[in-house]
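A closer look at the structure
The primary structure of each chain is shown beneath.
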Amino acid sequence: MDEASRIAELIPRLRRYARALVGERMGADDLVQDTLERALNKLHLWRRGTDLRAWLFTIMHNVHVNQLRARRELSALEGEAMGLPVRATQEAGIEARDLERALGQLPLEQRQVLLLVALEEMSYEQAASTLGIPIGTVMSRLSRAREKLRLLMEGLPASGRLHIVK
Amino acid sequence: MNGLPITEGDLQAWVDGRLPSGRRAEIDAWLADRPEEAARLAAYREHSAQLRALYAPVLKEPLPPGLAAAGRPRRALYLRAAVAVALFALGAGLGWQLHVSVGARAPAQEAVPRIVRNAVIAHATYSPEVRHPVEVGADQEQHLVAWLSKRLGANVRAPNLESVGYSLIGGRLLPGEPGPTAQFMYQGKPGTRVTLYLRTDATDNRETAFRYAQEGNVRVFYWVDRKLGYALSSSDIGKEDLLKIANATYAQLNP
């Protein structure tokens, strides 16, 4: 199977991840589309035998960061929550919407790690190489993401509590 | 306990089921004496499962045409670019026609008009709300409309947008300059939301064409119709779909 077809096969997973990362449907599909265009244009840079999925996710993260930068939302990269619109999925119940909203309140770098590990079910090594960060950083971001999400879901002031927990 | 000291990393790996069985048994034993830690990790596991369940349906959604095309070889991309250009031209043409048909000329490029800014802020604030998107629900529509009319000092109506697939959720009163303003919220089938922001525009009794603005990811069509200024906003749908709803809104308000 050629790479373009393998990429096409991965589109649903890219969409799922983008939906969770971005929050709303249109923005997520825009992100997937830009990711696919860049991937197809840079396909010659992909090293055969390496993980195509990880490569695509790396591109998606770069495109996403560029999109945010273009929107001057740099604060999100510096660890501030984004306050995302939170209607990613159809007919989500109240509990699901709470989860979407809590996810949207995680800083981007924590949301990326949590989604790669929990949603995409990557190993910590894969997540580290996808994000280009050391595995120790993956672990600490994962731990912070999960605790913040838990506190948000319990309706506790996560930002205040985190310093104590840490 | 005869193993290595237990780290937060071990606990995360336990949550993700990524520990070798021996180590997992050690953690299980450690957790048995620590109900608070066990509850914390159980919550993490639960959230992972919820995340997968929440987003699983996306895997089965049919691809929108743009994305389906993007997965094909490059020639298709050029074709798609051509289609995008054509759509843009069509949109521009539509805008131009509306302009002419509705009448007045748009003023020269100006800073973001206040109605757009206020509408965008109101949209961004309330449309993501899960539990309290509106002050008064659509089940009390008559009361809502009478109340808002009274507070705005103008005859306010909530257009019926069922013909374009949007149902009224309700509305709310908002502070504004010089007087109060109002917002109606609508929801479409896939959970997409649009808001209609209204304010009195007593300074000039006139009509304007639809104008379009985008602030961040919020798209807005706005216009003035006699005593009221309107701004229709959404961050969930594209310009063309929003224009359809704007047209339906205008038609409903001017039967």
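Our structure is the block above this text.
Everything in this summary refers to the structure shown in the same document. Computed from a predicted model, the values in this text were never measured in an experiment. (Residues numbered from 1 in each chain as written. Chains lettered and ligands numbered in written order. Predicted model: local features only at pLDDT ≥ 70, side-chain atom pairs only at ≥ 80, totals over all residues.)

Before going further, it helps to spend a moment on the packing of helix α1 (residues 3-22) of chain A against helix α3 (residues 35-60) of chain B. One way to put it is that α1(A) packs onto α3(B) with a least axis distance of 8 Å and a crossing angle of 130 degrees. Taken together, the axis directions place α1(A) and α3(B) in an arrangement best described as oblique. As for how α1(A) packs across α3(B), the hand of that crossing is right-handed. For the pair α1(A) and α3(B), contact is made by A:P12, A:R13, A:R15, A:R16, A:R19 and A:A20 and by B:L51, B:Y55, B:V58 and B:L59, respectively. Of the residues in the contact of α1(A) with α3(B), the class split is six nonpolar, no polar and four charged. (Axes fitted to C-alpha atoms, helices over the stretch in contact; angles between N-to-C directions. Helix = DSSP H or I, 4+ residues; strand = E, 2+ residues; numbered from the N terminus. Parallel < 35°, antiparallel > 145°, perpendicular 65-115°, else oblique. Left-handed = near helix turned anticlockwise from the far one by under 90°. Contact = placed C-beta atoms within 7 Å. Nonpolar A, V, L, I, M, F, W, Y, C, P; charged D, E, K, R; others polar.)

Across the boundary between the two partners, chain B contributes 40 residues, which contact 46 residues of chain A. Counting only elements with at least two residues in the side of chain B that touches chain A, the list comes to α1 (8-15), α3, α4 (65-70) and α5 (74-102) of chain B. The element contributing the most residues to the side of chain B that touches chain A is α3(B), with 13 residues.

The subject of this paragraph is the environment of A:L119. Mapped onto the fold, A:L119 is located in helix α6 (residues 108-119). When the 21 C-beta atoms within 10 Å are taken as the criterion, A:L119 is described as buried. In sequence terms A:L119 and A:R16 are 103 residues apart; their C-alpha atoms lie 8.8 Å from each other. Discounting chain neighbours no more than four positions away, the residues touching A:L119 are A:Y17, A:A20, B:L51, B:R52 and B:Y55. (Buried ≥ 20, exposed ≤ 12 C-beta atoms within 10 Å, placed from the backbone.)

Before going further, it helps to examine the pairing of strand β7 (residues 218-226) of chain B. Residues and elements named next belong to chain B. Within β7, seven of the nine residues are buried, which leaves the element mostly enclosed by the surrounding structure. Pairing analysis gives five bridges linking strand β6 (residues 211-215) to β7, with the strands arranged antiparallel. Bridging from a neighbouring strand, R211 pairs with Y222 of β7. In this antiparallel pair of consecutive strands, β6 and β7, the connection spans two residues, and G216 shows a positive phi of 60 degrees. Inspection of the sheet shows β7 paired to strand β8 (residues 228-234) by seven bridges, in the antiparallel sense. In the sheet register, W223 faces β8, and the bridge partner there is Y230. Remark: one residue form the turn of the hairpin made by β7 and β8, two consecutive strands paired antiparallel. (Pairing = 2+ DSSP bridges.)

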